[in-house]
Amino acid sequence: MAIIERPVTTQGVEIALPATPSRAQGGFKRPVATTGWKSWLFTVDHKKLGIMYGVMAMFFFILGGLEAVLIRLQLAAPNGKVLSASVYNQMFTMHATTMVFLFVMPMAAAFANYFIPLQIGARDVAFPRMNAFGFWCILGAGIFINLSWFFGGAADGGWFMYAPNSGPIFSPSHGVDFWALGLQIAGIASLTGAINLIVTVLNMRAPGMSLMKMPVFTWLQLVVQFLLLFAVPVITVALFLLSFQRNFGATFFDVSAGADPLLWQHLFWIFGHPEVYILILPSFGIISEVLPVFSKKPLFGYPFVVFSGAAIGFVGWGVWAHHMFASGLGPVSVAVFSISTMAIAIPTGVKIVNWTLTLWGGKLRFTAAMHFAIGLIVLFTIGGLSGVTHSVAPSDTQQTDTYYIVAHFHYVLFGGAVFGIFSGFYYWWPKMFGKTLNEKLGKANFWLMVIGMNMTFGPMHILGLQGQPRRMYQWTEARAGEGFFNLAFWNQIASIGSLILTLGIFLFIVNVIKTTRSKERAPLDPWDARTLEWMTSSPPKEHNFDVIPNVHHLDEFFHRKYEQDPVTHEYKQIATAEEILADQEAHADKHIHMPSPSYWPIVLAATLPIITIGVIYSIPVAIVGGIFLVLAMFGWALEPSTAPETDFDPPASEESTKELTPLV
Amino acid sequence: MSDVAVHEADHGTHGHTTSTGLSNNKVAMWLFLGSECLLFGGLISTYMLYRGRVSEGPRPGNVFDIPFTSVSSFILLMSSLTMVLAVSAAQNRDDRGTTLWLTITALLGATFVGGQVYEFTAMYNEGLGFTTSLFGSSFYTLTGFHGVHVTVGIIMLMSLVGIIKRSTIPGDKAEVVELIGLYWHFVDVIWIIIFTLVYLIPA
């Protein structure tokens, strides 16, 4: 990785040296653009990549949302004609796939990439090029999976793609092939991202920041990365077996050839249940930052939140078969998984109590971020309670594959994961872009989303318990029933709710556009925050911190601003954020080493879709893609870890010469 | 992906120590190998579930040539020894010894892969194709994945020999040798498990 010397003068003004490579390195000349589209395409900066992850995830959120609206329009009236049965199957499959793999996971990665290095006082992640590679992989996977719409139809077996629906007889189009191979690429992104972020958190913490002084968001993201590290390879195996069956004639899931259909279910859910925590824990982390700040209190029971998060990470591996209670596992398995599923509600309950007690007695400020955080506590608890009803196996057999399940996971994923993400948007927007999102619009955004989501998913409890099957593409007036529990009424309510929800999301986009256009700058520390990411400028400088902070406390930034009076035990302000920043700039590190951009991540990532397209349509194309893959790996590996002197322009003036020291 | 992990830059370890004292690259390699355990766990489970399911074609006991595979397994295990010698030479800044032992390791690995190709061919001729039975599919998938891992290891070893020959500073790549060694030992340990479960324990 190249090292660009960034001399910093005593006033804290940076002079970025222009660097032009004079000779090829690892096959290409190094990219050097610091502005314009090239600076984004070849960047290895964790903050730029975080924003790119966010933009990509938001795009797929809107796409998946439109798919959901089409589903609800289809079910708004009896004998719906909006979608055909076949397109309806593709729609719900792609809605779930998009929301899980292309929205919530990349959005969590966006926050993780942007804020983990800032929260632990680091200047970048451990492997910046691998970070960029992960982003280009997930983007490639998203585009690749959605290409199937234009090549004969998308995947249509539901997001967990059970056999025999995934087989060539029930799914003859290439949709499932695109789906399986696309998720393989997404898996590579998750795996590299997980390794990268774990190493970053373990190895690159600022001096003094022990694990138990780490912000909770970073902690819970660490748990998530471990879950990804061990869950992704299991789905990788399952997807390989599926691809071998569909593309090379194996019969792994073909019951008529003697295969066991439960193999796929086990492999999928051994991945799939940890995946559920992969989706929700980042949002738990976000609101564990937001609630203390807007309650003006430290998080209640920090170690309990941390250890209950780790406990969820462990127990999350022992509950997968509760997705399979209806598959005839036998009484012992069902009893074991029933009990472990009830047990995992405990660490989650611990968190709910901790958050509530953080609010207790605090000086609450009801900002938009706080609204979403409290919304998460309430809505996730509703979803959690319906989850406990699934853990009771006899009641679960009644609920399996009904709308009751759909209600449950939308309460925990929309009410939980999505509300947490929106809380993060409102809380961290001023940090990322230097401008605060409009609070009034934010609260309208919140209330429309709360009303919309409860109208959409609340009635689904009733629909499900009344027996409306999940994935049913039409309902008829004759079988809707009468009275309070008739399916027609509640389906219509749910469809209206989905439009209100859409309006809420639309308000958020309006808010973003309005804020981006506004000239008003956010204050340096708009929320009186507690953690290290607020101890730098907004948006942060490329090297994050002028001085790597020495950490003495949990909530270090708060303790630099406030001091406890030894007699009254009251906290008194001793410094403002501006003063702390000015002090940092005055003592700025002279030589800050930043990784330089590289072409290789995007080149290497681009070879993967070539291979997967080749696997589906023509093996020679896959082989060509494989050759490019190996070449790109060599190019990457041979790119020197320190840029030679010839990569840099001669210094423009005498002054900067003095600042240039020999490279490592 | 291990290639990426191994050759990823020294950023973050240059000039200042890490919080754990271990280098970023080493922690990354251990994490990657942890992840690989689950990959092989899934493949081995699939094989164990399906090894008795033979609707047509030969059964497991009829196609395995245990003496032959024992010899090739022994060769693979010996390559772990030569890998250790390569790491030791690298730590002593002995570039000649390092490249010598790396090359021998790669050759032993290539012998093993060659043996696997021979074995697959023989089995195919006895009527066990990839799609013949669930046993065949899961056997070729499991051992094939392992064979690909050994092959990737050989490519990494040979690339490393080339890189060390080009580098001007002796002992420069000692840690990379160690990391590829970790990967190589891991692949060997997996083979011990596969050999025991697939070949030695009767279905």
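Please read all numbers here as calculations on a predicted model, not as lab measurements.

1. Let's talk about the overall build of chain B
- Looking only at helices and strands, chain B features seven helices and zero strands.
- For chain B, the sequential pattern of α-helices and β-strands runs α-α-α-α-α-α-α.
- Projected onto its principal axes, the C-alpha coordinates of chain B cover approximately 60 × 35 × 25 Å.
- Expressed as a percentage of the 203 residues in chain B, the buried residues total 42%.
- For chain B, the share of sequence-separated contacts (at least 6 apart) that also reach a separation of at least 24 residues comes to 79%.

2. Things to note about the interface of chain A and chain B
- Listed by partner, the interface residues are 41 residues for chain A and 36 residues for chain B.
- Taken together, the elements giving at least two residues each to the side of chain A that touches chain B come down to α4 (128–147), α5 (175–203), α6 (216–248), α7 (262–295) and α18 (619–638) of chain A.
- The element that contributes the greatest number of residues to the side of chain A that touches chain B is α6 of chain A, accounting for nine residues.
- Residue classes in the side of chain A that touches chain B are distributed as 31 nonpolar, seven polar and three charged.

3. A few points about the environment of Ala206 of chain A
- Residue placement: Ala206 of chain A occurs in the loop between α5 and α6.
- Sequence-wise, Ala206 of chain A and Ala110 of chain A are 96 residues apart; in three dimensions their C-alpha atoms are separated by 21 Å.

4. Observations regarding the nonpolar core
Residues and elements named next belong to chain A.
- Counting 242 residues, the largest nonpolar core has Cys137, Ile198, Leu229, Ala238 and Val290 as the members making the most contacts within it.
- When residues of this core are assigned to their parent elements, the largest contribution, 23 residues, is made by α6.
- Here Val290 is in contact with Ala369, Met370, Ala373, Ser423 and Tyr427, once residues within four sequence places are set aside.

5. Quick notes on unusual backbone geometry
Residue and element names in this part refer to chain A.
- A cis amide bond links Ala163 to the next residue, Pro164, at an omega of 0°.
- Relative to the helices and strands, Pro164 is located in the loop between α4 and α5.
- Of note, the bond from Ser538 into Pro539 is cis; its omega dihedral lies within 30 degrees of zero at -10°.
- Following the sequence through the fold, Pro539 ends up in the loop between α14 (487–517) and α15 (556–561).
- Within the chain, Met161 stands out as a residue other than glycine whose phi angle is a positive 50°.
- Residue position: Met161 is located in the loop between α4 and α5.
- For Asp401, which is not glycine, the phi torsion reads 60° and is therefore positive.
- You can see Asp401 is positioned in the loop between α11 (393–399) and α12 (403–433).

6. Here we look at the confidence of the model for chain A
Residues and elements named next belong to chain A.
- Averaged over chain A, the pLDDT score is 89; the fraction of residues at 70 or greater is 92%.
- Confidence over residues 1–18 falls short of pLDDT 50; this stretch has 51 contacts with residues more than four positions distant or in other chains.
- Scored below 50 in pLDDT, residues 649–664 shows 21 contacts in the model against residues more than four places distant or in partner chains.

7. Digging into helix α17 (residues 600–617) of chain A
Residues and elements named next belong to chain A.
- For α17, built from 18 residues, the straight-helix expectation of 26 Å at 1.5 Å per residue is met to within 8% by its first-to-last C-alpha distance of 26 Å.
- Among all positions of α17, only Trp600, Pro601, Ile602, Val603, Leu604, Ala605, Leu608, Ile611 and Thr612 are buried.
- Turning to α17, the residues buried within the fold contact α1 (36–41), α4, α5 and α18.

The rules behind each value
Residues numbered from 1 in each chain as written. Chains lettered and ligands numbered in written order. Predicted model: local features only at pLDDT ≥ 70, side-chain atom pairs only at ≥ 80, totals over all residues. Helix = DSSP H or I, 4+ residues; strand = E, 2+ residues; numbered from the N terminus. Buried ≥ 20, exposed ≤ 12 C-beta atoms within 10 Å, placed from the backbone. Contact = placed C-beta atoms within 7 Å. Nonpolar A, V, L, I, M, F, W, Y, C, P; charged D, E, K, R; others polar. Core = buried A, V, L, I, M, F, W, Y, C linked by C-beta atoms within 7 Å. pLDDT = per-residue confidence, 0-100. Expected span 1.5 Å × (residues − 1).

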